[in-house]
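The residues making up each chain are set out below.
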Amino acid sequence: MEEGEIIEVGGTPVKFCGDRNWLETTTISCNKRVAFLVDTYHISPRDAKISLLEDGNCICSGGAEIQTQTKPSTVLPPITEEIFATLLNETNDMKQYYANAETQFTGNFVTISLSLFATLAMMTCCSRKGHLFIFYALGFVILLYQSLLLQYMPHQSNFDDLSLPLNANAHIDNNSIVTPMKVWHYDTNVVGLYQRSSTLVQTMDKDEEAVSWVFPLSAMPKIAPIAAERLEKLIRLEKHSQHNSGNNQQQLRNVIRTNMTGYLHNVTQDELNNVNPEWKLFIFDASDRGVGPWGLWYMETELAKTVGWKRIHYITRTTQKDRNMDSWVTQSKENSHVAADFGAFAGVPTNFTEYLGKACASVQRSTYAVRDDINDAIDDYMRSVAVNMTNSLSINPAVANLHRPTDVRTFWNGTVCLKRSERCEFRNYIAEEIASLPSKHPGMKVNTDVIGFIHKKGRKNVSPDYIEAMLTTKIIVLAQRDKWEGHLRLMEGFLSGALVLSDPQIYYPFGVVDGVNIVVYHSMIDLEEKILYFLDPMNEQERIMIGQRGREIALSENRHWDNMERLLLNDDNKYVNDYGVSYLRWKGHGNP
């Protein structure tokens, strides 16, 4: 009998053997798997061990077998060895299940040897220094040795050390038992989006039951055939279940032998939608200006025809069109109509209603979330000035109440966008107008310097100078790009506790309301008047309160996991506006 740690699971003592292989198909030990679960999900080692034991793994030989509770039967009957052998030998589709996702790299000794030998011969013949041959030979021997290792070493799947579903209680912070939504993300490096969520659990096994897929629009042509393969498998298993109940083995073999090529295109949308409806596809378009109608056209003509439109959900940053703020700048300069309202130049909503029920089940707008590194840097700054901060999630009014000697900043001027002026004319114009304010209002302290990092470097790095500049400024004036709305500096401005003044958007981030936690300007005169109003000492407390509420809405509702939960969950509670865009409504929401 193996020695192991005795752990009580469901009232039954079970021996946990950490030296055992986690699964029969892998060389990963149970102890290594426990360490992975602890690091990934931030749970205790004991909870990780219980999760493995509940799955029937890592139990010592001779130890008590775990008695699991009977769950509602949703699992299809097992395929017999005879049928499975027939399936593997006679059906190409079934032979290639998961091949696209779980490829194994095996070195081909003969191919590699011949390739290396040919390369060696060419290099030797072409070399003018024959004495280098010995170095080529040495390199050849080393590579040959590596090839032998690749050929004969034990191989394991690329997905052997990836997460499996844990017991729901291991991921929930409260006492209630909640079944979290399992999410497979196309980008396996994405972890932070889900770590802090109690309702979303990331898995690397995209074929788990009731798992939802999240992938970028650019990957849709690659994902579409993989999704079709999965649906084929689900249909086969469903048919297998129906025929196996009558023990008609010959009829069952005929089902498995069925050629599924083109089969899905002949199935009705209702039939496709009813196959495992909990399996959802969330497609992200994170580009600034969108990709035009191509994505939705592909969903309707290709993807929906093989998996059903009801499981497809489109998430995009581009839900507005016809934003032409560069044209507004041109008109203002030529006609001196700086008092004119931005009006239609700020854009109009894109209408997605024609695609609902054909290409997808919903269209949602994604927005930029709070950057954790910016928030951490602000906390560090607060501690450096001896202000008592509890932790990064606390809503501390000390930030908004900081001494702020600079009145107005833009963090932008015309030197930033010299080569991309077609997207920056409005921003440049706003910066010029702000820079001119002290000439009309002596004593106003204005700064339009570019502080910190810009472009891609600014998105991945934090400048201490940028943090200090935000926290010492009363009003931060933002201007969006000429052709699209939304940018990272909005949340960064909120985090700083300063009053944020911004030009209008069609769709604001969740909870953002004009006059409550942000102030929106609609013309140059409107901008100047609001700056003067909030710099008046009589209105200082109102300015501080709006800045504090901006910080609160950023930290309480606009973290990465908050956004993902709103986008992936609560389908039945979402409001669909006249333009076909779905979202959770909030008090004071002014969207169309």
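Rules and cut-offs
Residues numbered from 1 in each chain as written. Predicted model: local features only at pLDDT ≥ 70, side-chain atom pairs only at ≥ 80, totals over all residues. Heavy atoms only, no water. Helix = DSSP H or I, 4+ residues; strand = E, 2+ residues; numbered from the N terminus. Buried < 20%, exposed > 50% of the residue type's maximum accessible area, 1.4 Å probe, protein only. Contact = heavy atoms within 4.5 Å. Areas by Shrake-Rupley, 256 points an atom, 1.4 Å probe, with all protein chains shown as cover. Pairing = 2+ DSSP bridges. Axes fitted to C-alpha atoms, helices over the stretch in contact; angles between N-to-C directions. Phe/Tyr/Trp six-rings, centres within 6.5 Å; stacked < 30°, edge-to-face > 60°. Disulfide = S-S within 2.5 Å. Polar contact = N/O pair within 3.5 Å; in protein donor to acceptor, adjacent residues only side chain to side chain. Parallel < 35°, antiparallel > 145°, perpendicular 65-115°, else oblique. Nonpolar A, V, L, I, M, F, W, Y, C, P; charged D, E, K, R; others polar. Salt bridge = Lys/Arg side-chain N within 4 Å of Asp/Glu carboxyl O. pLDDT = per-residue confidence, 0-100. Core = buried A, V, L, I, M, F, W, Y, C linked by side-chain atoms within 4.5 Å. Right-handed = clockwise from strand over helix to strand, strands pointing away. Left-handed = near helix turned anticlockwise from the far one by under 90°.

## What to know about the overall build of the chain
For step 1, the next point in the chain: A count of helices and strands for the chain gives 21 helices and 17 strands.
For step 2, the next point in the chain: In the chain, which comprises 592 residues, the proportion classed as buried is 47%.
For step 3, the next point in the chain: In the chain, 72% of the contacts between residues at least 6 apart in sequence involve partners at least 24 apart.
For step 4, the next point in the chain: Total accessible area computed for the chain in this model is approximately 30000 Å², and 53% of it derives from carbon and sulfur atoms.

## Observations concerning the sheet that holds strand β6 (residues 281-285)
For step 1, the next point in the chain: What the eight strands build is an open sheet, ordered β4-β3-β5-β6-β7-β10-β17-β16; its pairing is mixed. Edge strands, defined here as strands with exactly one partner in the open sheet, are β4 (200-203) and β16 (575-576).
For step 2, the next point in the chain: The sheet contacts of helix α11 (residues 294-307) involve β6 and β7 (312-316), and relative to β7 the element is tilted by about 155°.
For step 3, the next point in the chain: In the packing of helix α21 (residues 560-568) onto the sheet, the strands contacted are β3 (181-185), β4, β5 (211-216), β6, β7 and β10 (362-365), and the crossing angle to β6 comes to about 125°.

## Topic: the packing of aromatic side chains
For step 1, the next point in the chain: One pass over the structure, following the stated rule, counts 13 aromatic pairs.
For step 2, the next point in the chain: Where tryptophan 213 meets tryptophan 279, the ring centres are 5.1 Å apart and the plane angle is 65°; that geometry is what we call edge-to-face. One end of the pair, tryptophan 213, is in strand β5; the other, tryptophan 279, is in the loop between α10 (269-273) and β6, with 66 residues separating them in the sequence.
For step 3, the next point in the chain: Of the residues examined, tryptophan 279 reaches a relative accessible area of 0% and is grouped as buried.

## Describing the state of the cysteines
For step 1, the next point in the chain: Applying the stated criterion across every chain yields a total of three disulfides.
For step 2, the next point in the chain: Here cysteine 417 pairs with cysteine 424 through a disulfide, and the sulfurs are 1.8 Å apart. Comparing cysteine 417 with cysteine 424 shows no difference in burial state: the two are buried.
For step 3, the next point in the chain: What links to what in the chain: the bonded cysteines, counted in sequence order, pair as 1-4, 2-3, 5-6.

## Quick notes on the side chain of serine 362
For step 1, the next point in the chain: Along the polypeptide, serine 362 turns up in strand β10.
For step 2, the next point in the chain: A distance of 2.7 Å separates polar atoms of two side chains, one belonging to serine 362 and the other to histidine 313.
For step 3, the next point in the chain: For serine 362, the residues in contact, after removing those within four places along its chain, are Ile312, His313, Tyr314, Leu356 and Ser582.

## A short note on helix α2 (residues 45-54)
It helps to recall that an α-helix has 3.6 residues per turn; residues three or four apart then point in one direction.
For step 1, the next point in the chain: Along α2, the positions that sit buried rather than exposed are Ala48, Lys49, Ile50, Ser51, Leu52 and Leu53.
For step 2, the next point in the chain: Looking one or two residues past α2, glycine 56 carries a phi angle of roughly 85°, positive in sign.

## Things to note about the packing of helix α13 (residues 372-384) against helix α17 (residues 464-471)
For step 1, the next point in the chain: Close contact between α13 and α17 brings their axes to 10 Å; oriented N to C, the two are set at 70°. Taken together, the axis directions place α13 and α17 in an arrangement best described as roughly perpendicular. Contact residues: Ile374, Ala377, Ile378 and Tyr381 in α13; Tyr466, Ile467, Glu468, Met470 and Leu471 in α17.
For step 2, the next point in the chain: Looking at side-chain class alone, the contact of α13 with α17 contains eight nonpolar, no polar and one charged residues.

## What about the pattern of salt bridges?
Where charged atoms of side chains with opposite charge meet at close range, the side chains can pair.
For step 1, the next point in the chain: Summed over the entire model, instances satisfying the criterion amount to 18 salt bridges.
For step 2, the next point in the chain: Note that aspartate 503 is salt-bridged to arginine 323, the shortest N-O span being 2.7 Å. Here arginine 323 lies in the loop between β8 (320-321) and α12 (325-335) and aspartate 503 lies in the loop between β14 (499-502) and β15 (519-520), a separation of 180 residues in the sequence.
For step 3, the next point in the chain: According to the relative accessible area criterion, aspartate 503 is buried, its value standing at 1%.

## What about the environment of asparagine 276?
For step 1, the next point in the chain: Note on placement: asparagine 276 falls in the loop between α10 and β6.
For step 2, the next point in the chain: Spatially, the C-alpha atoms of asparagine 276 and arginine 311 are 9.3 Å apart, while their sequence positions differ by 35 residues.
For step 3, the next point in the chain: Here asparagine 276 is in contact with Arg230, Leu234 and Arg311, once residues within four sequence places are set aside.

## Focus: the pairing of β5
For step 1, the next point in the chain: The element β5 is largely enclosed, with a buried count of five among its six residues.
For step 2, the next point in the chain: Both β3 and β5 contribute to a ladder of four bridges, which runs parallel. Bridge assignment links lysine 182 to a residue of β5, and that residue is valine 211.
For step 3, the next point in the chain: The pairing of β5 with β6 spans four bridges and is parallel. Each bridged residue has a counterpart across the sheet, and for proline 216 the counterpart in β6 is phenylalanine 284.

## Some words on the confidence of the model for the chain
For step 1, the next point in the chain: In this model, the chain carries an average pLDDT of 76, and 68% of its residues clear a pLDDT of 70 or more.
For step 2, the next point in the chain: For the stretch residues 65-109, pLDDT sits under 50, and the model shows 70 contacts to residues farther than four places along the chain or on other chains.
For step 3, the next point in the chain: Note that pLDDT drops below 50 for residues 142-177; the model gives that stretch 69 contacts with residues more than four away or on any other chain.

## Observations concerning the nonpolar core
For step 1, the next point in the chain: Trp213, Leu281, Met299 and Ile312 are the most contacted members of the largest nonpolar core, which totals 37 residues.
For step 2, the next point in the chain: Excluding residues that lie within four positions of it along the chain, methionine 299 makes contacts with Leu217, Met220, Ile283, Ala304, Ile312, Tyr314 and Ala359.
For step 3, the next point in the chain: One finds Val370, Met382, Leu402 and Met491 within the second-largest nonpolar core, a separate group that totals 30 residues.

## Topic: unusual backbone geometry
For step 1, the next point in the chain: For asparagine 276, which is not glycine, the phi dihedral falls at a positive 45°.
For step 2, the next point in the chain: For asparagine 570, which is not glycine, the phi dihedral falls at a positive 60°.
For step 3, the next point in the chain: Within the secondary structure layout, asparagine 570 lies in the loop between α21 and β16.

## Examining the pairing of β14
For step 1, the next point in the chain: Because side chains alternate across β14, one face comprises the buried residues Leu499 and Leu501, and the other comprises Val500 and Ser502, equally buried.
For step 2, the next point in the chain: The pairing of strand β13 (residues 473-478) with β14 spans four bridges and is classified as parallel. Each residue of the ladder has a partner; that of isoleucine 475, found in β14, is leucine 499.
For step 3, the next point in the chain: With helix α18 (residues 489-496) bridging β13 and the parallel β14, this β-α-β connection has right-handed handedness.
For step 4, the next point in the chain: Summarising the sheet, β14 and β15 pair through two bridges and their orientation is parallel. Across the sheet, the residue bridging to leucine 501 is valine 519, located in β15.

## Quick word on the packing of α18 against helix α20 (residues 540-557)
For step 1, the next point in the chain: At a closest axis distance of 7 Å, the pairing of α18 and α20 adopts a crossing angle of 120°. Between α18 and α20, the interaxial angle falls into the category oblique. Every pair of crossing elements has a handedness; the one defined by α18 and α20 is left-handed. Along its contact with α18, which presents Met491, Phe494 and Leu495, the element α20 presents Gly547, Gly550, Arg551, Ala554 and Leu555.
For step 2, the next point in the chain: Class assignment for the residues of the contact of α18 with α20 results in five nonpolar, two polar and one charged.

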